[in-house]
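# Close look at the chain arrangement
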Amino acid sequence: MVLVVGDGAAQLTIQELGSMLRDGQRPLILLLNNEGYTVERAIHGPEQRYNEISLWNWTQLPQALNLDSRAECWKVSNVAQLNDALARAARRDRLMLLEVMLPKMDIPPLLKAVTDALEARNSGR
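The sections below set out a description of the structure shown in this document. Being a predicted model, the structure only gives us computed values, none of them experimental.

## What about the packing of aromatic side chains?
Remark: the centre distance and the inter-plane angle together describe each pair of aromatic rings, the angle taken between the planes. Enumeration according to the criterion identifies one aromatic pair in this entry. Ring centres of Trp56 and Trp58 lie 4.8 Å apart, and the angle between their planes is 40 degrees; this geometry places the pair in the tilted category. Its relative accessible area of 1% is what places Trp58 among the buried residues.

## Looking at the pattern of salt bridges
Using the criterion set out here, one finds nine salt bridges in the structure. A salt bridge links Glu52 to Arg41; its shortest N-O distance comes to 3.3 Å. Placement of Glu52 in the loop between helix H3 (38-44) and helix H4 (61-64) and of Arg41 in helix H3 is noted, with a sequence separation of eleven residues between them. With a relative accessible area of 1%, Arg41 lands in the buried category. A salt bridge links Asp93 to Arg94; the shortest N-O distance between them is 3.6 Å. A residue is classified by how much of its surface remains accessible, and Asp93, at 42% relative accessible area, is partly exposed. Classification of Arg94 as partly exposed rests on a relative accessible area of 22%. Among the charged side chains, a salt-bridge network with shared partners connects Glu72, Arg91, Asp93 and Arg94.

## What to know about the sheet that holds strand E4 (residues 95-101)
A sheet is described by the order of its strands in space; here four strands give the open sequence E1-E2-E4-E3, paired in parallel fashion. This sheet does not close on itself; its edge strands, each paired only once, are strand E1 (2-6) and strand E3 (71-76). On average, adjacent strands in this sheet sit at an angle of 15 degrees to one another, irrespective of strand direction. In the sheet, E1 pairs with strand E2 (residues 28-33) via five bridges, with the strands oriented parallel. If you follow Leu3 over to E2, its bridge partner there is Ile29. Across the face of the sheet, helix H5 (residues 79-89) comes into contact with E2, E3 and E4 while running at roughly 170 degrees to E3.

## So, unusual backbone geometry
Although it is not a glycine, Glu35 sits at a positive phi angle of roughly 60 degrees. Locating Glu35 in the fold gives a position in the loop between E2 and H3. We classify Glu35 as partly exposed; its relative accessible area is 32%.

## With respect to the pairing of E3
Among the six residues in E3, five count as buried, and that is most of the element. Where E3 lies against E4, six bridges are found, and the strand directions are parallel. Within E4, the residue paired with Ala71 across the bridge is Leu95. Regarding the hand of the β-α-β motif, the stretch spanning E3, H5 and E4 is right-handed.

## Some points on the side chain of Glu72
As for its position among the elements, Glu72 is in strand E3. A residue is classified by how much of its surface remains accessible, and Glu72, at 17% relative accessible area, is buried. Here Arg94 takes part through its side chain, which lies 3.2 Å from a polar atom of the side chain of Glu72. Look past the residues within four positions of Glu72 in its chain and what remains in contact with it is Arg91, Arg94, Leu95, Met96 and Leu97.

What counts, and at which threshold
Residues numbered from 1 in each chain as written. Predicted model: local features only at pLDDT ≥ 70, side-chain atom pairs only at ≥ 80, totals over all residues. Heavy atoms only, no water. Phe/Tyr/Trp six-rings, centres within 6.5 Å; stacked < 30°, edge-to-face > 60°. Buried < 20%, exposed > 50% of the residue type's maximum accessible area, 1.4 Å probe, protein only. Salt bridge = Lys/Arg side-chain N within 4 Å of Asp/Glu carboxyl O. Helix = DSSP H or I, 4+ residues; strand = E, 2+ residues; numbered from the N terminus. Pairing = 2+ DSSP bridges. Axes fitted to C-alpha atoms, helices over the stretch in contact; angles between N-to-C directions. Contact = heavy atoms within 4.5 Å. Right-handed = clockwise from strand over helix to strand, strands pointing away. Polar contact = N/O pair within 3.5 Å; in protein donor to acceptor, adjacent residues only side chain to side chain.

Now the structure itself:
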């Protein structure tokens, strides 16, 4: 099982790690850390306060949840590190959490096109 989740959404559901392990699941979790709700920043503006979240130390979760022996975590910030971590995660004998560091306003081209069109429509341009 592979889960791709943003850091904001993960803060709402991270306690499910315990349930996953209780049920014998060993997911690979790619946690995309862009310091908040980037999709909402793109839609409602990058300076809206509600898009900012508390920054967590994600790689320390196994210790906080007493899961040290059943989970591994890595923080990656470039492609080489990501490839290395994915290779290590391939053995899948435990829960793997890869915190992938992304720029705060790293917005996919399609989302950018949609939000630009909405902004133009809303401003009468």
